[in-house]
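# A structural walkthrough
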Amino acid sequence: MKYVMTALALAALCVPAFAAGNPDVQIYISFDQTGAGAREHYYTMVPYTYFSAFVCVTGLDMGFTGVSFALTDVHTENPGMFQFAPVFSTPFEVQVGDVYTGISVATGTCRTEEVVVVGELGMFPVMEGDICIEIKDYPAFPRWVVDCHQPYGEVDFYCVFQNGTIGAGVCPVGDCPDPVEDTTWGGIKALYR
C-alpha cells in the first residue's frame, strides 16, 4: 500500500508540470523593421545603415508573461563588422541577465497578442557580411515561457521556429515539429486514391 500511495503522490505532483497553457509556443527572429513580428527571417545588411533583429514569440494560447533565451554574440564572432556592439532592449519591465549568456524578460501584465515582440537587437554595420543570429538556451531556465495562469504562471517550453540569417549566413534549422511529420505514409497515399 505504501508503494501505491507513493506512486499516486508522484503522479499528482507531475501532472501540473504538463498542464501549461501554451503547448505549441514558438520563438523566432524577424527582421520586420516595423517591429510587428512579421516572419521575415532574412536580411541583407547595407553598410552604415542601422537595422534591428526582433525576438518574437507566438503560439500563446494562454497568454504570456515571461521568457528566457540567449542570442549569438554577433559582435564578438564578427570583429570589425559593427561600428559599436549591438544593443539589446526589451519593452518589458523586468530584464535579468545578459542576452549573450542568458536573459529572462518579463512583464507584470498578461500579453495575449498573436505575436509578442520580446526584444530588439539594434545593429549598425560598417561593412557587408554573412552572419547568423541564433536563438540559444539560457542555461538556468532552458526554453522557459511563462503563461498567464493565476495565481502564478505555469511554464511552457518553446521550440525555435527560425533563426535570423543576414546575407548568406548559414543558420541552424529551427527545431519546431513539421506538421508533415505527424502524417503517416498510409495517410499520404490515401490523398492520391
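See the structure above.
This text gives an overview of the structure that appears in the document. What you are looking at is a predicted structure, and each value in this text was computed from that prediction instead of being measured. Counting starts from 1 at the beginning of each chain's written sequence and moves along it residue by residue. Only residues with pLDDT of 70 or above have their local features reported here, since the model is predicted, and side-chain atom pairs are shown and tallied only from 80 upward, although totals for entire chains, interfaces and linings are computed over all residues. As a rule here, side-chain values cover all heavy atoms of the structure and leave hydrogens and water aside.

### A few points about unusual backbone geometry
A positive phi angle is found at tyrosine 48, which is not glycine, with a value near 65°. Residue position: tyrosine 48 is located in the loop between β2 (42–43) and β3 (51–58). For arginine 143, which is not a glycine, the phi torsion comes out positive at approximately 60°. The way it works is that DSSP assigns letters per residue, a run of H or I at least four long becomes a helix, a run of E at least two long becomes a strand, and they are numbered from the N terminus.

### A look at a nonpolar patch on the surface
Think of a patch as exposed residues, more than 30% relative accessible area, with no salt bridge, where like charges cluster within 9 Å and nonpolar side chains (Val, Leu, Ile, Met, Phe, Trp, Tyr) cluster within 5 Å. In this description, accessible areas are obtained by the Shrake-Rupley approach with a 1.4 Å probe, and a residue is regarded as covered only by the protein chains that are shown. We define a salt bridge as a side-chain nitrogen of Lys or Arg found within 4 Å of a carboxyl oxygen belonging to Asp or Glu. Taken together, the side chains of Phe141, Trp144 and Phe157 make up a nonpolar region of the molecular surface, amounting to roughly 290 Å² of accessible area. Within the element layout of this structure, phenylalanine 141 appears in the loop between β10 (135–136) and β11 (144–146). You can call phenylalanine 141 partly exposed: its relative accessible area is 32%. For each residue, the accessible area found with a 1.4 Å probe, counting protein chains only, is set against the maximum for its type, and the residue is called buried under 20%, exposed over 50%, and partly exposed in between.

### With respect to the sheet that holds β3
Strand pairing requires that DSSP identify at least two bridges connecting the strands. Read from one edge of the open sheet, 5 strands run β5-β8-β3-β1-β13, paired in mixed fashion. Two strands in the sheet have a free side with no partner beyond their single neighbour: β5 (87–89) and β13 (159–162). Taking the axes of each pair of neighbouring strands and ignoring which way they run, one obtains an average angle of 25° across the sheet. Sheet topology note: the strand β1 (residues 26–30)/β3 ladder contains 5 bridges and is antiparallel. The residue bridging glutamine 26 from the neighbouring strand is threonine 58, located in β3. Note on definitions: angles span 0 to 180 degrees between N-to-C directions of axes, and those axes are lines fitted to C-alpha atoms, for helices only across the stretch in contact.

### Things to note about the state of the cysteines
For the purposes of this analysis, a disulfide is any pair of cysteine sulfur atoms at a distance within 2.5 Å. Under the counting rule described, the total for this entry stands at 3 disulfides. Disulfide partner of cysteine 159: cysteine 176, at an S-S distance of 2.0 Å. Across the S-S bond of cysteine 159 and cysteine 176 the torsion is about 95°, and the bridge reads as right-handed. Here cysteine 159, found in strand β13, pairs with cysteine 176, found in the loop between β14 (164–166) and α3 (185–191); they are 17 residues apart in sequence, far enough to count as distant. Taking relative accessible area as the criterion, cysteine 159 reaches 13% and is therefore assigned buried. Residue cysteine 176 is classed as buried on the basis of its relative accessible area of 16%. Indicated for the protein is the disulfide connectivity 1-3, 2-5, 4-6, based on numbering the bonded cysteines in sequence order.

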